[in-house]
Amino acid sequence: MSELRWAEEALDQVLRRVGETARQVGDRFPLYADPVDGRWTTTGRGSWTGGFWAGLLRLRAHRTGEPSDRAAAAACTARLAPWAEADTATRGLILWYGTALGGGAEAGLLRERAARSALAAYDPDLGLVPWGAALGGPRSRARADGVPGLVPLLASAGADGEAAAAGHLHRHLDLCLGTVDSERPVPAWEFTDRTGWRPCPDPEPGWTRGEAWLLLAVADALLRAGSAVWRPERLHEVAELVLRKGEFLCGPPVPPARAHHPDGPLDTSAAAIGAVALLKLALLPGPTAAAYRTRAEDVLRHLAGTHLTPPGTPQPAGLLRDGCYDAASGTAVRHALVWGDYFLALGLGALLGRVDLGTV
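This section reports on the structure supplied with the text. The model shown is predicted, which means the values in this text are computed figures rather than measured ones. (Residues numbered from 1 in each chain as written. Predicted model: local features only at pLDDT ≥ 70, side-chain atom pairs only at ≥ 80, totals over all residues. Heavy atoms only, no water.)

Moving on to the pairing of strand β4 (residues 188–192). The pairing of strand β3 (residues 141–143) with β4 spans three bridges and is antiparallel. Note that in β4 the partner of Ala142 across the bridge is Trp189. Where β4 and strand β5 (residues 196–199) come together, four bridges link them in antiparallel fashion. Bridge assignment links Thr192 to a residue of β5, and that residue is Gly196. (Pairing = 2+ DSSP bridges. Helix = DSSP H or I, 4+ residues; strand = E, 2+ residues; numbered from the N terminus.)

Our next topic: helix α5 (residues 105–121). With 17 residues, α5 should cover 24 Å at 1.5 Å per step; its first-to-last C-alpha distance of 24 Å lies within 8% of that length. Taken residue by residue, α5 has Ala107, Gly108, Leu110, Ala114, Ala115, Ser117, Ala118 and Ala121 as its buried positions. Tucked inside the fold, the buried residues of α5 contact α3 (67–78), α4 (91–97) and α6 (150–155). (Expected span 1.5 Å × (residues − 1). Buried < 20%, exposed > 50% of the residue type's maximum accessible area, 1.4 Å probe, protein only. Contact = heavy atoms within 4.5 Å.)

As a further point, take the pairing of strand β1 (residues 29–33). Remember that side chains alternate between the two faces of the sheet whenever the strand is regular. Along β1, five of the five residues are buried, which leaves the element largely enclosed by surrounding structure. Pairing of β1 with strand β2 (residues 40–43), which is carried by four bridges, proceeds in the antiparallel orientation. Directly across from Tyr32, in β2, lies its bridge partner Thr41. With two bridges connecting them, β1 and strand β6 (residues 336–337) associate as antiparallel partners.

Inspection of the entire model under this criterion finds 16 salt bridges. Of the charged contacts, one joins Glu8 and Arg354 as a salt bridge, the two residues approaching to 2.8 Å between their closest N and O atoms. Of the two residues, Glu8 sits in helix α1 (residues 5–25) while Arg354 sits in the segment after α12 (338–351), which places them 346 residues apart along the sequence. By relative accessible area, which is 23% here, Glu8 ends up partly exposed. Residue Asp174 is joined to Arg234 by a salt bridge in which the shortest nitrogen-to-oxygen separation is 2.8 Å. Taken together, the residues span a long stretch of sequence, with Asp174 in helix α7 (residues 158–177) and Arg234 in helix α9 (residues 232–245) at a distance of 60 residues. Here Asp174 falls in the partly exposed class, since its relative accessible area comes to 37%. What emerges from the salt-bridge pattern is a single network uniting Glu8, Asp12, Arg63 and Arg354. (Salt bridge = Lys/Arg side-chain N within 4 Å of Asp/Glu carboxyl O.)

The next subject is the sheet that holds β4. Taken together, the three strands give an open sheet; going across it, the order is β3-β4-β5, and neighbouring strands pair in antiparallel fashion. Sheet topology places β3 and β5 at the edges, where each strand pairs with a single neighbour. Each neighbouring strand pair of the sheet contributes to a mean axis angle of 25 degrees, computed without reference to strand direction. The strands that α7 touches are β3, β4 and β5; relative to β3, the one it contacts most, it runs at about 80 degrees. (Axes fitted to C-alpha atoms, helices over the stretch in contact; angles between N-to-C directions.)

This part takes up the side chain of Glu211. With respect to the helices, strands and loops of the structure, Glu211 is situated in helix α8 (residues 208–223). In this structure Glu211 comes out as buried when scored by relative accessible area, which is 3%. Setting aside its immediate chain neighbours within four residues, Glu211 contacts Arg184, Pro185, Gly206, Val242, Gly246 and Phe248.

Here it is as structure tokens:
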């Protein structure tokens, strides 16, 4: 394991930073942090990112084994409960990643409740769980970030949930990848009775975090594709297509937030999500597994060595800089992002054999 000492040290830094963040934010949820002083912008209810904070607290508790850390993780997870029935496809991000790392019976019950609610929201006419109105905007939308987390959450709700999960995923893949004149996936769509499905201008094609979300959802589905409902042959084809279109194996380790603006802000969170997706794909048998793991390790090593603040600098140690919250509006374009921290920690934990990505 000596060859992964860098990963051990990086994970320690990230999780020590979790403790500092917890003291700073109290009962609020961190969203993004200033790259200079590390101060967090917070939200009271967690928004779509709350599950990643609960997940980080759970990773810290697994690492330390301290009862106080387990209690903090459990309390944070409990505060996610109002999102279980919220009208948003991002409940998958919130309530899968907020509960998937364990946490006892209460976390399991919350996950079951959220799964039943998500299944009830599945619209068979649209073939998906709509994006929803809880976060603003038209309800009948489909977005790439409405797929990850929701696929395993729905699939946990029995046979009907598994069918809904597969339908939700494949409808998004048909939309995002089915536009022949787009070299990159089209990440956002809106449905009206008059026009049917039509692409939305924001986020635009080339949104690299959206591409990473799609790859993560496909990897999760392939790890669960034991029945024909998942259409595993097509999923394998789609995985190769997303890998190629998103340049996951041949592009820079940290992509620009918008592929068509290579001189614009980077997005380390997209890199971390993509690395975890590659590690999941590496769990599948086949000749490409070793290449996926090697690329994921290279990306995580680059994040740790180049974008994670080390001890002994003016900035707080363990700060994953150069995440881009929203390039189009110019919001927090070079910041630490709570989901970037989560996926970095998850990927490092998986490399070290401390996290089973087949269950998270």
